[in-house]
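# Analysis of the macromolecular model
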Amino acid sequence: MLFCPSCSNLLLVENEGGQDFFCQTCPYVYHITKPHTTRKLLQRKEVDDVLGGADAWKNVDSTEVSCPKCEHERAYFMQIQIRSADEPMSIFFKCCNENCQHQWREG
């Protein structure tokens, strides 16, 4: 995408042959003389763990529920109110199997 240096509007490609970029609001025209490409790689932000990280799972209880990934019979669980007060609480699970540690939620 290129923008007009005088009015900052998006430049459009001319329909006839596609050799020029032009501005719809002012008389600016950018003549294309060679292929024009640029690439901007964006840095990804680090994602915060919404549940509080590893410390949130320290003092939680476990229950008999099957893990959807490894089918282990037990999982840790905690309930968190993530929606409005009139909605039910969401239950977050973490597999008790040390090799799996899969996390999922219900509700």
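Quantities reported herein were computed from a predicted structural model and do not represent experimental measurements. (Residues numbered from 1 in each chain as written. Predicted model: local features only at pLDDT ≥ 70, side-chain atom pairs only at ≥ 80, totals over all residues. Heavy atoms only, no water.)

Using the criterion set out here, one finds zero disulfides in the structure. You can see Cys26 has no disulfide; the closest cysteine sulfur is in Cys4, sitting 3.4 Å from it. Look at Cys26 and you get buried, because its relative accessible area is 18%. Unpaired in terms of disulfides, Cys100 finds its nearest cysteine sulfur in Cys70, a separation of 3.7 Å. Classification of Cys100 by relative accessible area gives buried; the value is 15%. (Disulfide = S-S within 2.5 Å. Buried < 20%, exposed > 50% of the residue type's maximum accessible area, 1.4 Å probe, protein only.)

A word on the packing of aromatic side chains. What the rule picks out here adds up to two aromatic pairs. Measuring from centroid to centroid gives 6.2 Å for Phe21 and Tyr30, while their planes differ by 35°, and the two rings are tilted. On the basis of relative accessibility, which here comes to 15%, the residue Phe21 falls in the buried class. (Phe/Tyr/Trp six-rings, centres within 6.5 Å; stacked < 30°, edge-to-face > 60°.)

Once that is clear, we can look at the UniProt feature "binding site: Zn(2+) 1" (unreviewed entry) in the protein chain. The positions UniProt marks with the feature "binding site: Zn(2+) 1" (unreviewed entry) are Cys4, Cys7, Cys23 and Cys26. Considering the C-alpha atoms alone, the annotated residues occupy 23 residues of sequence yet fold into one spot, their largest mutual distance being 8.7 Å. Secondary-structure assignment places Cys23 in the loop between strand E2 (20-22) and strand E3 (29-31). The residues contacting Cys23, other than those within four sequence positions of it, are Cys4, Cys7, Asn9, Leu11 and Tyr28. One can find Cys26 in the loop between E2 and E3. With sequence-adjacent residues up to four places away left out, Cys26 is seen in contact with Cys4, Ser6 and Cys7. (UniProt positions renumbered as here; feature names shortened; annotations may be inferred. Helix = DSSP H or I, 4+ residues; strand = E, 2+ residues; numbered from the N terminus. Contact = heavy atoms within 4.5 Å.)

At Ser8, a position not held by glycine, the phi torsion is positive, near 65°. By the secondary structure assignment, Ser8 is in the segment before strand E1 (12-13). Residue class for Ser8 comes out exposed when judged on its relative accessible area of 54%. Although it is not a glycine, Glu71 sits at a positive phi angle of roughly 65°. Along the chain, Glu71 turns up in the loop between strand E4 (61-64) and strand E5 (74-80).

You can see Leu11 is positioned in the segment before E1. For Leu11 and Thr25, which are 14 residues apart along the polypeptide, the C-alpha to C-alpha distance reads 9.7 Å. Aside from chain neighbours lying at most four places away, what touches Leu11 is Leu2, Phe3, Cys4, Phe21, Phe22, Cys23, Tyr28 and Tyr30.

On to the sheet that holds strand E7 (residues 103-106), then. In spatial order, the strands read E4-E5-E6-E7; together these four strands make up an open sheet with antiparallel pairing. Taken across any chain shown, the strands that pair with only one partner, and hence form the sheet edges, are E4 and E7. Strand after strand, the sheet turns through a mean of 40° between neighbouring axes, direction not considered. Pairing of E4 with E5, which is carried by four bridges, proceeds in the antiparallel orientation. From the neighbouring strand, Thr63 faces E5, where its bridge partner is Ala75. (Pairing = 2+ DSSP bridges. Axes fitted to C-alpha atoms, helices over the stretch in contact; angles between N-to-C directions.)

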